[in-house]
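Structural overview for review
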Amino acid sequence: MEPTSPPQENSGPMRLDLKAVDTALQKRTIEFPAGVTPGGSINTITVVPAEQHSISQPIIVESPDQETPHYASLDAAANALHSGSRPSAKSSLEVPDASAGPFYGAKSPALKQFDESRAATRIHSASSTPPRSVAGIGSKIGKPDYSEAKIVLALVGLPARGKSYLSNKLMRYLTWLEYKVKVFNVGQLRRKKALEREQKQGVKEDHNANYFDHNNANAMKARESFAEESLESLISWLKAGGNVGIHDATNSNRARRAKIAARVSREPNLKLVFLESLCEDPVVIAANVALKASAGDPDYKGMSHEEAVKDFTKRIRQYESVYETVEPFEWEGMPEEMDPNVTPQALEEKRVKLIDEAAKNPGPNSPKLPLVTKQMARNVSYLKVINVGKQLDIIRINGYLQSRIAYYLMNLHLKPRSIFMSRHGESQYNVDGRIGGDAPLSRRGEAYAQALPSLILDNIGDKPLKVWTSTLQRTIQTARHLPYPKLTWKSLDELDAGVCDGMTYEEIEEHYPEDFANRDEDKFNYRYRGGESYRDVVVRLEPVIMELERQENVLVIGHQAIVRCLYAYFHNISQEDLPYINIPLHTVIKLTPKAYGCDEERYKVPIEAVSTHRPKPKTETDARGDPTSIDKKRSTSARNYYGDDQPA
């Protein structure tokens, strides 16, 4: 037997990348409670030679600033978490040698020991509002507490200016971010009331252009009543737990807006934001008029397309004659407030009289007088969207939520476009039934990558297209034959499965049965041990959503969880259903954004691939509840003309 060579002597500590110790550590992070360390990844460690032929090595862990130490073993991390103590900036720990096998792997003794040390403090079914770091190891995370966010978002604008488009886009975006949002559309309420009367009395009301004439006193009274009823319903909904109530109406004169401001000011916890949509682009206006006339609006039932266009154009002219744009002077307060001799009662009587006069004679030439007091206007902000995104004026915007709304509006546009989404080609891990990892494409996955360019070219033609991929090799390999500019996003990486990365579901169920069951119980909120939940993925995809709204034609080559989240955003699918959306391999999904949603087409490439879809426990249905619709395309672009409570 040949003699064993002694280890080489070292003149000092050597640097060792953790990947050389255990490749699974490449994506691992250990995070600690406040006061111990801010957390983070152990990127490098210093290895100090021990006795010759020793199977263990003492390891000194050094933080870059010598202030916030990291840990080189899960044992030490468990001790620190358990005691809450803060170790010195340099600690000596005993860990197995790298040659002894993976130390931090999913089945390692160290992780089992860490689990046992945390068993007494880990609660799976409840959690406080999470920070965006790991709030618990292998547990559910709580929904952010938005209970204090209460906004009345009142739209302003002429017909065919994109108000409903803006309201639906905002509702979809804010709902995706987990705010409770609801649109209260005055037109829907008007049509619903008319339909109810028709069903009871057998007489159909004629809501043609004459109904919207400012000189039609009876119609004006009814329309004001609908607007007030809609606002009251909105306020009640906010007080019952909602976050953003959108008042979708023209609100086209100062008198109407003053009434809204006065009513909202009586609710101490509500903020009011007016969102005005101004559009002078004749192409956009003509397209909106044509859509209104051909999309099945009950107002034009029985009319030809030409008659509907003519009548709707006349309705717009009726509004234009009395339209008053939002201006700063409206919120400066009444001059009478400065007079100490004017009593509050006299001030209110004066204000009501001015509103009545303004309501009788609205229009661009009416006297420009404030119709609300400073107290009523203190929580009023407003935004002006000009030509659907070409310009955005922001006035008196306050707070995080209002800022998010403004930022989102900055990124919208109406240019025709298509968003293509596809999972990567079948990977070797897909074939093996393993999750996560960074596996290359299988033979069939490579065939899909080669077939993809012709499919995309057939659909996009000579239009420009950008291709986005994750940083993982299976998406990059899928995109490599596409002759378009490519952009790699770290945010598009697959949901991090933590310590379960590289395991099969059977292995997860065997080694972590409690976690397996808890994830099936609430898949959206469950966070893998050391990894992510679907909620975490939604948070990190927000910049991607913003950029998608800015872009024209884009092909996203992503992963199952990523495409599910993006798909759910565009189709406004609930959190409960999101993790179960069926996104098959070797299929391209084409979404075409429209005024009220998205049209969808699916293109299946005839190359076989495994199915990685796991339906909801105890059901074989997909997110729409129909077992036959799993692979069917969806369309959410149809307009709802009667609201959620449409009469039977």
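First, a word on what this report is: a plain description of the structure on this page. Because the structure is a prediction, the values reported are computed rather than measured.

1. A few points about the packing of helix α19 (residues 542–550) against helix α20 (residues 560–571)
Running from N to C, α19 and α20 point in directions that differ by 55°, and their axes come no closer than 11 Å. Of the possible angle classes, the one that applies to α19 and α20 is oblique. The hand of the α19/α20 crossing is right-handed. Together, Val544, Ile545, Leu548 and Glu549 of α19 and Leu566, Tyr569 and Phe570 of α20 make up the contact between the two elements. Residue composition of the contact of α19 with α20, grouped by class: six nonpolar, no polar and one charged.

2. Digging into the packing of aromatic side chains
Scanning all chains against the criterion turns up nine aromatic pairs. Ring geometry for Phe212 and Tyr319: centres 6.1 Å apart, planes at 40°, overall tilted. Taken as a pair, Phe212 in the loop between α5 (186–201) and α6 (217–239) and Tyr319 in helix α9 (residues 305–320) lie far apart in primary sequence, 107 residues in all. Grouping residues by exposure puts Phe212 and Tyr319 together as buried.

3. Some details on the pattern of salt bridges
Side chains carrying opposite charge are able to pair once their charged atoms draw close together. This model, assessed by the stated rule, comprises 32 salt bridges. The residue Glu229 makes a salt bridge to Lys193 at a minimum N-O spacing of 3.2 Å. Within this pair, whereas Glu229 is found in helix α6, its partner Lys193 is found in helix α5, the two being separated by 36 residues in sequence. Here Glu229 falls in the partly exposed class, since its relative accessible area comes to 32%. Between Arg550 and Glu547 there is a salt bridge, and its shortest N-O distance comes to 3.4 Å. Of this pair, Arg550 and Glu547 are both found in helix α19, three residues apart, which corresponds to roughly one turn of the helix.

4. Notes on the sheet that holds strand β14 (residues 554–558)
With mixed pairing, six strands are arranged side by side in an open sheet as β13-β12-β14-β11-β15-β16. Looking at the sheet topology across the chains shown, the edges are occupied by β13 (486–488) and β16 (597–604). Averaged over all neighbouring strand pairs, the angle between strand axes comes to 20°, with direction disregarded. By the bridge criterion, four bridges tie strand β12 (residues 466–469) to β14 in an arrangement that is parallel. Looking at β14, one finds that Thr469 is bridged to Ile557. Where helix α14 (residues 443–460) meets the sheet, it contacts β11 (419–423), β14, β15 (587–594) and β16, and its direction lies at approximately 25° from that of β15. Lying on the sheet, α19 is in contact with β11, β12 and β14; it crosses β12 at an angle near 175°.

What counts as what
- Residues numbered from 1 in each chain as written.
- Predicted model: local features only at pLDDT ≥ 70, side-chain atom pairs only at ≥ 80, totals over all residues.
- Heavy atoms only, no water.
- Axes fitted to C-alpha atoms, helices over the stretch in contact; angles between N-to-C directions.
- Helix = DSSP H or I, 4+ residues; strand = E, 2+ residues; numbered from the N terminus.
- Parallel < 35°, antiparallel > 145°, perpendicular 65-115°, else oblique.
- Left-handed = near helix turned anticlockwise from the far one by under 90°.
- Contact = heavy atoms within 4.5 Å.
- Nonpolar A, V, L, I, M, F, W, Y, C, P; charged D, E, K, R; others polar.
- Phe/Tyr/Trp six-rings, centres within 6.5 Å; stacked < 30°, edge-to-face > 60°.
- Buried < 20%, exposed > 50% of the residue type's maximum accessible area, 1.4 Å probe, protein only.
- Salt bridge = Lys/Arg side-chain N within 4 Å of Asp/Glu carboxyl O.
- Pairing = 2+ DSSP bridges.

Interpretation in functional terms is not warranted from these geometric data alone.
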